[in-house]
Amino acid sequence: MATADVSCPLPETAAVPWRPRADARRLRRRGALWTLSTVAHIVPFIGAAVLLFVVQPLAVAVSLAALAHAWLIPSLYAARGANVLRPARRAGAAAERTALGLLGDLVDHETRDRHAATGLVVERGRLGTWLVGEAGAVLVSRRGRRVHCFCVRVADASLPSGDRVAHLLLALRADEEGFATVANLAFSGARWRLARRLPPAMRPALTAAARLDRV
Amino acid sequence: MSRLVRMDCSGHTTLAEWTAEDAAGVEAAVAAFGAELDRGYFAMVSTGPGHAEQVKELPLDADLVILRLPISGG
């Protein structure tokens, strides 16, 4: 479980002094605002679809197009969230092997196996359960029902994938709330929305994180 | 044997190895540690399962000290 030692905050938080330090309450609030914003985007389309159908049933095709927009908008946001876990370009095979060895030293056997299968590290924290990828992390909270997708990365593109994950994992373990402060929120919403947009190989890691968050 | 490693494009590079009794090894490790911090690396030490801590001085009793680069929001 990641620590919450604010006596030694993540040094990278100094680069974003305008951001209030993330905590469970602030994340809940951001999640609620995200949901509100999504509702504000889709309600006009649903309203227009219903109104148009009532006024002119022959315009059903236009009503259906409006409903499709209402469905599509949250899906696009979820796709943006899923992108934070998308694998980046691979380094040479030897470097990848070496980096995976170091990452393997940082996690337990089960996590190592899951990373080998999905490319993601599942890490229990105080704010929820994290899925750590190469260029971002997903926080699963509210007993596995809610996800917050964060875009956060190390600035060296030449690093092998295992090292990129290890960078994020070490920062997360040192200061979980600082990590969530530094990272950019790309999506917040229902876990099922994100699951639909994840590559199938990654979905077991999300399921495992949700299961762990319910414990 | 304690190790100071830096994550880099090769996977990782071992910069120094030392034992508490090896004064020359300790001296070399401290010098390498300081040089990497000056280059902008952060030093991390695992402090138990799921826990890590940033250190600004080389912890001589740590088994493994890992140097990482800063992260930022993408």
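Residues numbered from 1 in each chain as written. Chains lettered and ligands numbered in written order. Predicted model: local features only at pLDDT ≥ 70, side-chain atom pairs only at ≥ 80, totals over all residues. Heavy atoms only, no water.

## Focus on empty space enclosed by the protein
All names here are of chain A. As a reminder of what qualifies: With a 1 Å grid spanning the protein atoms alone, the term cavity applies to any set of points in which a 1.4 Å probe fits but cannot get out, the term pocket to an open set with protein on both sides within 12 Å along at least five of seven lines, and the term lining residue to any residue with an atom within 4 Å of a point. Grid points are joined across faces, edges and corners, and a volume is the space filled by probe spheres set on the points. Per the convention used, a helix needs a DSSP run of H or I reaching at least four residues, while a strand needs a run of E reaching at least two, with both numbered from the N terminus. Charged means Asp, Glu, Lys or Arg here, nonpolar means Ala, Val, Leu, Ile, Met, Phe, Trp, Tyr, Cys or Pro, and polar covers whatever is left, Gly included.
All told, the structure shown has two cavities of 30 Å³ or more when counted by the stated rule. Looking at the largest cavity, its volume works out to about 40 Å³. What lines the largest cavity is W71, S75, A78, W192, R193, R196 and R197. Among the secondary structure elements, those contributing two or more residues to the lining of the largest cavity are α2 (60–82) and α7 (191–197). It is α7 that provides the largest number of residues to the lining of the largest cavity, a total of four residues. For the lining of the largest cavity, the per-class residue count stands at three nonpolar, one polar and three charged. When its volume is computed, the second largest cavity comes out at roughly 30 Å³. In terms of lining, the second largest cavity is formed by A82, R86, R197 and P199. Its residues assigned to classes, the lining of the second largest cavity shows two nonpolar, no polar and two charged.

## Digging into the state of the cysteines
Disulfide: a covalent bond formed between the sulfur atoms of two cysteine residues. All names here are of chain A. As a reminder of what qualifies: Disulfides are defined as pairs of cysteine sulfur atoms found within 2.5 Å of each other. Summary of the burial criterion: residues with accessible area below 20% of their type's maximum are buried, those above 50% are exposed, and those between are partly exposed, where the area comes from a 1.4 Å probe applied to protein chains only.
Here the structure, examined in full by the defined rule, presents zero disulfides over all chains. With no disulfide of its own, C149 lies closest to C151 among cysteine sulfurs, the gap being 10 Å. Accessibility expressed as a relative area gives 0% for C149, which makes it buried. The class of C151 is buried, set by a relative accessible area of 15%.

## With respect to the side chain of S2 of chain B
All names here are of chain B. As a reminder of what qualifies: Nitrogen and oxygen atoms within 3.5 Å of one another constitute a polar contact, given that in protein one can donate a hydrogen and the other can accept it, and given that sequence-neighbouring residues count only through two side-chain atoms. Two residues qualify as a contact provided that any one of their heavy atoms is within 4.5 Å of a heavy atom in the partner residue.
Within the secondary structure layout, S2 lies in strand β1 (residues 2–6). Relative accessible area serves as the criterion here: at 8%, S2 is assigned to the buried category. From its side chain, S2 meets the backbone oxygen of A62 in a polar contact 2.8 Å long. Leaving out residues up to four positions away in the same chain, S2 has contacts with A16, E17, W18, L60, A62 and D63.

## Here's the deal with the environment of V165 of chain A
Residues and elements named next belong to chain A. Here V165 shows up in helix α5 (residues 161–174). On the basis of relative accessible area, V165 is assigned to the buried category, the value being 1%. Put simply, V165 and A137 are 28 residues apart on the chain and 9.4 Å apart in space, counted from C-alpha to C-alpha.

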